[in-house]
2 protein chains.
Amino acid sequence: MAKDKKMVESITSMSEDFAQWYTDVVKKAELCDYASVKGCMVIKPAGFAIWENIQKELDRRFKETGVENVYMPIFIPESLLQKEKDHVEGFAPEVAWVTHGGMEPLQERMCVRPTSETLFCDFYAKDIHSYRDLPRVYNQWCSVVRWEKTTRPFLRSREFLWQEGHTAHATAEEAEARTQQMLNLYADFCEEVLAIPVVRGQKTDKEKFAGAEATYTIEALMHDGKALQSGTSHNFGDGFAKAFEIQYTDKDNSLKYVHQTSWGMSTRIIGALIMVHGDDNGLVLPPRIAPVQIMIVPVQQQKEGVLAKAQELKERLMKAGFSVKVDDSDKSPGWKFADCEMRGIPLRIEIGPKDMENNQAVFVRRDNHEKTFISLDELETKTGEMLDTIQQALLDKAKAHLASHTYEAVCWDEFVDTINNKPGFVKAMWCGCQECEDKIKEVTGATSRCMPFAQENLSDKCICCGKPAKKMVYWGRAY
Amino acid sequence: MAKDKKMVESITSMSEDFAQWYTDVVKKAELCDYASVKGCMVIKPAGFAIWENIQKELDRRFKETGVENVYMPIFIPESLLQKEKDHVEGFAPEVAWVTHGGMEPLQERMCVRPTSETLFCDFYAKDIHSYRDLPRVYNQWCSVVRWEKTTRPFLRSREFLWQEGHTAHATAEEAEARTQQMLNLYADFCEEVLAIPVVRGQKTDKEKFAGAEATYTIEALMHDGKALQSGTSHNFGDGFAKAFEIQYTDKDNSLKYVHQTSWGMSTRIIGALIMVHGDDNGLVLPPRIAPVQIMIVPVQQQKEGVLAKAQELKERLMKAGFSVKVDDSDKSPGWKFADCEMRGIPLRIEIGPKDMENNQAVFVRRDNHEKTFISLDELETKTGEMLDTIQQALLDKAKAHLASHTYEAVCWDEFVDTINNKPGFVKAMWCGCQECEDKIKEVTGATSRCMPFAQENLSDKCICCGKPAKKMVYWGRAY
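The text that follows walks through the structure, step by step, so that each part is easy to find. Bear in mind the structure is a predicted one, so any value in this text is a computation, not a measurement.

Calculation rules
Residues numbered from 1 in each chain as written. Chains lettered and ligands numbered in written order. Predicted model: local features only at pLDDT ≥ 70, side-chain atom pairs only at ≥ 80, totals over all residues. Heavy atoms only, no water. Core = buried A, V, L, I, M, F, W, Y, C linked by side-chain atoms within 4.5 Å. Buried < 20%, exposed > 50% of the residue type's maximum accessible area, 1.4 Å probe, protein only. Contact = heavy atoms within 4.5 Å. Salt bridge = Lys/Arg side-chain N within 4 Å of Asp/Glu carboxyl O. Helix = DSSP H or I, 4+ residues; strand = E, 2+ residues; numbered from the N terminus. Buried area = accessible area lost by both parts, 1.4 Å probe. Nonpolar A, V, L, I, M, F, W, Y, C, P; charged D, E, K, R; others polar. Pairing = 2+ DSSP bridges. Axes fitted to C-alpha atoms, helices over the stretch in contact; angles between N-to-C directions. Parallel < 35°, antiparallel > 145°, perpendicular 65-115°, else oblique. Left-handed = near helix turned anticlockwise from the far one by under 90°. Least-squares fit on C-alpha atoms with pLDDT ≥ 70 in both. Polar contact = N/O pair within 3.5 Å; in protein donor to acceptor, adjacent residues only side chain to side chain. Phe/Tyr/Trp six-rings, centres within 6.5 Å; stacked < 30°, edge-to-face > 60°. Lys NZ or Arg CZ within 6 Å of the ring centre and 35° of its normal.

Quick notes on the nonpolar core
Residues Phe75(A) and Phe75(B) are the most contacted members of the largest nonpolar core, which totals 208 residues. What Phe75(A) contacts, discounting residues up to four positions off in sequence, is Val98(A), Met110(A), Cys111(A), Val112(A), Leu119(A), Val37(B), Cys40(B), Ala96(B), Val112(B), Val145(B) and Trp147(B).

Below you can see the structure in the form of structure tokens.
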């Protein structure tokens, strides 16, 4: 009973304390929990089922573009990590070091992979010989470890799950095309499946990946106006190839370096799902990613035939390809309604004796609580339509939020005022110098999120130093 | 070209050197490769695709029994590993220790999980309160690390991939039922999907899992007559529950300990696939697990219409639900045939100008090289029938091999003679004392593989000491 009560306790409201609201949703929707291992998560069934759906859909899209899955070792010997200078500088301060195997000290310590560029490069150096061996378009699903100081469930933890793609190509053009292809794949996935609109663009040199020539990113805007980097794709040029001696014999018999890319999306994206769609009643999941799309709640279930009818509807909907459950527990309908809301189940179907008399059911949308009476003759088609409607409504709402929280600034005072008072993105011109980027961060706490592919010319001058502008940048505070 | 040549080089024959044959198949079928990290594997696309199929099918079967997937941390603090006495003794000598995070030494060192009982127990202790919370039937897919001294691809490596299920139940009976259910699930999966017959039974106390009350196992017999433990399921009783204080309030308000199980299957099983079905031409994959079931090889592909026809057949077979590829490379048909054989593709379909004239194709089975001419009007149905026939033939052959390599012995001399001269299982009676088990291992190198569920009474006396026999045991040398 104590547990039942806990479930219907309301959560902190978003407007009162957004960070606490987030923690409450993660906990009450039973997505994940803290582990005894500091900074690590236990991803619970409801959370992991979301990740499984993300994996399934991303993996399908990857394979359509020729990606093959592999598995590389979990450990990186220190000497291997150190082969590419920028890369080791970026990662060495935040890795976990293994120093003993069994009872004995290791001759060379190894880190638990924070990312696997060095392992793929080491493998490619041995495995690629001829132009016939190219391209290599490999990916792995695994966990990685980064020794973060402050952690938050899904958003920043010492271990997280992700996929990391690592490719090798004969030419710079091919590598660039693959880098962009994967960024667009991520962006399309976010919009089409997660109902999260994103800004596509390039990271500045300051913000790019350690060892990359160019990093592309998709940036999403959370409900509180903070940005979340949701997926990245890196073009390494031949920098790693030179450090690791990855060469191939071309058709003309000349020896050439390969060109490489890597790209990743992680369990962080579950944090984005929560913070883009959630509300004061809990989680809100888009139908295309929800592990349970429909919860059928019997009303007056002790009455004859109600539970049987609920089961019948479930069977019909399952047969039609929907993911559906019946809540036939001994809780009250009110408790069940609140529970469905907390867990973000997109559609609730209520069925009671009166509905049965009228050959109908009550559809209740999670996103706007709208109620509709549906004839049972049209159960399957109306369910499909309703889920499509919800999916589209969530995307529209998130798009509207992104648009209404994206501002422009053309002078320093306006910029600082906007950043400080209007949560969201601020578009502003930039000269391209890191000094200005550093100053903006120092004064406002905002970072350059990306130089969007869709450039606009807001003015000719850098917002910070007044020198000629080179790029329009999205600035914002970020998770 | 160097690479082409390498591919058609023949491999070491099984009869000449089975261990070298195994290594050759793993390498030439491009299943996996050694990594720069000693004792760790790089699982290549052809190997990982097999693992993906294993995962997909096992996961589906798990979920049908109510299993939910979760993810636990990769690290176990030393104090947590030490909570259950037998367990820590079994695993502490072979774990990898993390001692530093970033630049700083850790206050308490952690091991990389060798198995996750302690993490699940730690979680269940916090998460289970009432009988309403039971049963918990969780599973995770992950990698684990055991610091082995000698390693072989798939069979024994310092890191391997597996699934580990961990359950908590209200009663001892429920836990026992789940332990057996999962063992039978593994056995059925091996026989129905991998075409590997197994012996189901219980491990002796000497061979059981560290911390378990009972360990059940499935044992398969490799082509060379050595056994391979292919999956295990453990009943922990309330031993871990007492060590970790995992208690629940029962309906009568009394506080009780839960009863637990765990069960796992790993990438080792790919080693079994290779060593049960492979032959001197390379890998042989059962159709139900093969990532590519059919390779279409165009003959005289430069002739008009041949490649188009091959593509047409591919489209038809894909539409019918088969996994199929066309080898339209510039290699010779002979090279392609050998390549298909090496990779273990169950069915090869050859199509050339003459076949096209006759509206036919040539079907060649991987398992027995049998050729059949098939009318293209019956392409889909004949393909389905042929794959079923191959699947059944592989199972029948493996069953016959298991039967013909399982011996009985009723006295010590006969036992030693059989073990030493006839590779395979030897069934023999045992008194139940570890001294006899130790002596048998010392003298013959064979270990007790299991006490089969299907007991027979071969004699009344222990093969070793002559005292009254308690159990019939399968003995054998093992991987």
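That covers the picture; the talk isn't over yet.
Description of the pattern of salt bridges
By the definition in use, this model includes 66 salt bridges over all chains. Among the salt bridges present, the one from Arg60(B) reaches Glu64(B), with a minimum N-O distance of 2.7 Å. Within this pair, Arg60(B) and its partner Glu64(B) are both found in helix α3 (residues 45-64), separated by 4 residues, close to a single helical turn. One salt-bridge network, in which partners are shared between bridges, spans Glu30(A), Lys44(A), Asp339(A), Arg343(A), Asp127(B) and Arg136(B).

A word on the interface of chain A and chain B
Taken together, the contact pairs 57 residues of chain A with 58 residues of chain B. Considering only the side of chain A, the residues that lose the most area to chain B are Pro45(A), Tyr71(A) and Arg132(A), jointly responsible for 13% of the buried surface there. Our count for the contact surface shared by chain A and chain B stands at 6 salt bridges. A salt bridge links Asp127(A) to Lys44(B), with the nearest nitrogen and oxygen atoms 3.6 Å apart. Class assignment of the residues belonging to the side of chain A that touches chain B gives a composition of 32 nonpolar, 7 polar and 18 charged. In this sheet, strand β5 (residues 96-101) of chain B lies alongside strand β5 (residues 96-101) of chain A in antiparallel orientation, the contact comprising 5 bridges. Counterpart to His100(A) in the pairing with β5(B) is Trp97(B).

Structural notes on the pairing of strand β6 (residues 104-112) of chain A
Every regular strand shows the same layout, with side chains that alternate between the two sheet faces. Residues and elements named next belong to chain A. Of the pairings in the sheet, the one linking strand β4 (residues 75-77) to β6 comprises 3 bridges and is antiparallel in character. Across the sheet, isoleucine 76 pairs through a bridge with cysteine 111, a residue of β6. Summarising the sheet, β5 and β6 pair through 4 bridges and their orientation is antiparallel. The residue of β6 that forms the bridge with tryptophan 97 is cysteine 111. Counting the residues between successive antiparallel strands, the hairpin from β5 to β6 contains 2 residues, one of them, glycine 102, with a positive phi of roughly 65°.

So, the sheet that holds β5(A)
What the 6 strands build is an open sheet, ordered β4(A)-β6(A)-β5(A)-β5(B)-β6(B)-β4(B); its pairing is antiparallel. Unpaired on one side and paired on the other, β4 of chain A together with β4 (75-77) of chain B mark the two borders of the sheet. Averaged over all pairs of adjacent strands, the angle between their axes in this sheet comes to 45°, without regard to strand direction.

Points about the packing of α3(B) against helix α7 (residues 172-192) of chain B
Residues and elements named next belong to chain B. α7 packs onto α3 with a crossing angle of 140° between their chain directions and a minimal axis gap of 11 Å. The angle between α3 and α7 falls in the class oblique. At the point where α3 passes α7, the crossing takes the right-handed sense. Listed contacts from α7 to Ile54, Glu57, Leu58, Arg61 and Phe62 of α3 are Met182, Leu185, Tyr186, Asp188, Phe189 and Glu192. Looking at the contact of α3 with α7, its residues break down into 7 nonpolar, no polar and 4 charged.

Some points on the pairing of strand β22 (residues 447-452) of chain B
Residues and elements named next belong to chain B. Of all 6 residues that make up β22, 6 are buried, and the element is covered over most of its length. Bridge count for strand β9 (residues 199-202) against β22 is 2 bridges, and the pairing is antiparallel. Bridge pairing links glutamine 202 to methionine 451 in β22. Taken together, the 3 bridges between β22 and strand β23 (residues 471-476) define a ladder with antiparallel strand orientation.

Overview of the sheet that holds strand β21 (residues 425-430) of chain A
Residue and element names in this part refer to chain A. Read from one edge to the other, the open sheet built from 11 strands follows the order β3-β7-β8-β14-β11-β10-β9-β22-β23-β21-β20, with strand pairing classed as mixed. Because the sheet does not close on itself, it has two edges, and the strands there are β3 (68-69) and β20 (406-408). Along the sheet, helix α3 (residues 45-64) makes contact with β3, β7 (136-145), β8 (159-169) and β14 (259-266), crossing β7 at roughly 165°. Contacting β20, β21 and β23 (471-476), helix α14 (residues 412-421) crosses the sheet at an angle of about 155° to β21.

Section: the relation of the copies chain A and chain B
Mapping chain A onto chain B calls for a screw motion: a turn of 180° about the axis and a shift of 0.0 Å along it, with 0.0 Å RMSD after fitting. Here the transformation between the copies is reduced to the relation of a two-fold axis. Relative to the rotation axis, the C-alpha of Val98(A) is the closest in chain A, positioned 2.1 Å from it. When the interface residues of chain A are mapped onto chain B, 100% of them are again interface residues, pointing to one common binding face.

Some details on unusual backbone geometry
That bond from Leu134(A) to Pro135(A) is cis: its omega, -5°, falls within 30 degrees of zero. Positive phi outside glycine occurs at Ala195(A), with the angle close to 60°. Along the chain, Ala195(A) turns up in the loop between α7 (172-192) and β9 (199-202). For Gln300(B), which is not a glycine, the phi torsion comes out positive at approximately 50°. By the secondary structure assignment, Gln300(B) is in the loop between β15 (294-298) and α10 (306-319).

Observations regarding the side chain of Thr215(A)
Residues and elements named next belong to chain A. The topology assignment puts threonine 215 in strand β10 (residues 214-221). Judged by its relative accessible area of 2%, threonine 215 falls in the buried class. Within the structure, the side chain of threonine 215 is placed 2.8 Å from the side chain of histidine 234, a separation counted as a polar contact. Apart from residues lying up to four places away in sequence, threonine 215 is in contact with Gly201, Gln202, Lys203, Lys208, Phe209, Thr232, Ser233 and His234.

Thoughts on the packing of aromatic side chains
Residues and elements named next belong to chain A. Taken as a whole and assessed by the stated rule, the structure comprises 38 aromatic pairs over all chains. Ring pairing ties together the aromatic residues Trp51, Phe62, Trp141, Tyr186 and Trp263, which thus form one cluster. Directly above the ring of tyrosine 479 sits lysine 226, whose terminal nitrogen or CZ lies 4.3 Å from the centroid. It is lysine 331 that lies over the ring of tryptophan 335; its NZ or CZ is 4.0 Å from the centre.

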